[in-house]
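Remarks on the overall topology
The residues making up each chain are set out below.
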Amino acid sequence: MRRTLVGNDTVTDDPSAEPRPVAFGLHLVTLAVADLDRAAAFYASIGLVRHLRQAPAVAFFGAGNVVLSLYPRESLAQDVGTPIPEASGAGRITLACNVASEDLVAALLERALAAGGTCLRIPFRASWGGTVSYFADPDGHVWEVTFAPTFTFDTEGRLVLSPQSGISGHAP
C-alpha cells in the first residue's frame, strides 16, 4: 500500500489522495561540540533559552525561527557515519544573528566574550551601510552579528525580508 503525503504533516493510505510536495525548510541547526556542558553554558550565557532539558546527551535552544541543537562531536560522527572535523575559525558556514540597532552589535559581542567566546572582528561599518562583528563560540563555530538598516523584524522578533530589504549586491 502506498502512503501519500497530503499536507505538511499529514499522511494517508487513501490511494485517491492528491500528493502534495513535502514542505522544506530549515528548522534545526546542529553544532558538533567537544564539551556539551561547556557549550550549553555558553549559549545560555549569551541569552538563548534551553528546552527539553530531560533529553540526554543533547541540548536544544530556541533561536528565533530555528532550534539550535548542541550534540557531542563523537555522537554526531557515529550518527552520520563519518568523522566530524573540529571547527576552527571561518569555514564553510557562519551563523548569523541580526539585531535591531548598531549598539546591539557591540552588546551581543561583549556578552559572547564574557561567556567564553573569542572575538574574531570588532564591530565595523560594512561597505553596504550596516554594522558587523564576528565571534567564535568555545568550539570555534563562527557567528556574525549584524545590524542591517534596511532589515526589519516582525512582532515575534523574526527577520522580515521584502523586496525593499536588498542592499545593492549584498544581503547580510
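Our subject is the structure listed above.
To keep things clear, this report deals only with the structure shown in the data block.

Cut-offs used in this document
- Residues numbered from 1 in each chain as written.
- Predicted model: local features only at pLDDT ≥ 70, side-chain atom pairs only at ≥ 80, totals over all residues.
- Heavy atoms only, no water.
- Phe/Tyr/Trp six-rings, centres within 6.5 Å; stacked < 30°, edge-to-face > 60°.
- Buried < 20%, exposed > 50% of the residue type's maximum accessible area, 1.4 Å probe, protein only.
- Helix = DSSP H or I, 4+ residues; strand = E, 2+ residues; numbered from the N terminus.
- Lys NZ or Arg CZ within 6 Å of the ring centre and 35° of its normal.
- Arc of directions from axis to C-beta.
- Salt bridge = Lys/Arg side-chain N within 4 Å of Asp/Glu carboxyl O.
- Pairing = 2+ DSSP bridges.
- Axes fitted to C-alpha atoms, helices over the stretch in contact; angles between N-to-C directions.
- Contact = heavy atoms within 4.5 Å.

1. Examining the packing of aromatic side chains
Aromatic rings in a pair are described by how distant their centres are and how their planes are angled relative to each other. All told, the structure shown has 5 aromatic pairs when counted by the stated rule. Between F42 and Y43, the ring centres sit 5.0 Å apart and the planes meet at 90°, which makes this aromatic pair edge-to-face. When its relative accessible area of 1% is taken as the criterion, F42 is described as buried. Given a relative accessible area of 1%, Y43 falls into the buried group. Look at F42 and F135: their rings are 6.3 Å apart centre to centre, the planes differ by 55°, and that puts the pair in the tilted class. Here F135 lies in strand 9 (residues 131–136) and F42 lies in helix 1 (residues 36–45), a separation of 93 residues in the sequence. An identical accessibility class is assigned to F42 and F135; each is buried. Seen from the ring of F124, R121 lies directly overhead, with NZ or CZ sitting 3.6 Å from the centre.

2. Considering helix 2 (residues 73–80)
For helix 2, every residue scored as buried is listed here: R73, L76 and A77. Angular distribution of buried residues about the axis of helix 2 spans 100°; they occupy a single face of the element. Seen from the open side of helix 2, the exposed residues pointing more than 90 degrees away from its buried face are E74, Q78 and D79. Phi turns positive, to about 85°, at G81, one or two residues after helix 2.

3. What to know about the pattern of salt bridges
If you walk through the whole model with that rule in mind, you get 2 salt bridges. For R38, the salt bridge goes to D139, with nearest N and O atoms at 3.1 Å. Remark: D139 occurs in the loop between strand 9 and strand 10 (142–147) and R38 occurs in helix 1; sequence separation between them is 101 residues. For R38, a relative accessible area of 35% gives the class partly exposed. Where E102 meets R125, a salt bridge forms, and the shortest distance between an N and an O atom there is 2.9 Å. Taken as a pair, E102 in helix 3 (residues 102–114) and R125 in strand 8 (residues 118–125) lie far apart in primary sequence, 23 residues in all.

4. Let's talk about the sheet that holds strand 3 (residues 28–33)
If you walk across this open sheet you meet the 4 strands as 3-6-5-4, and the pairing is mixed. In the strand order of this sheet, the two ends are held by strand 3 and strand 4 (49–51), each with one partner. Each strand axis lies, on average, 30° off the axis of its neighbour in the sheet, ignoring direction. Sheet topology places strand 3 next to strand 6 (residues 66–72); 6 bridges connect them, and they run parallel. Counted as the bridge partner of L31 is L70 from strand 6. Lying on the sheet, helix 1 is in contact with strand 3, strand 4, strand 5 (59–63) and strand 6; it crosses strand 6 at an angle near 155°.

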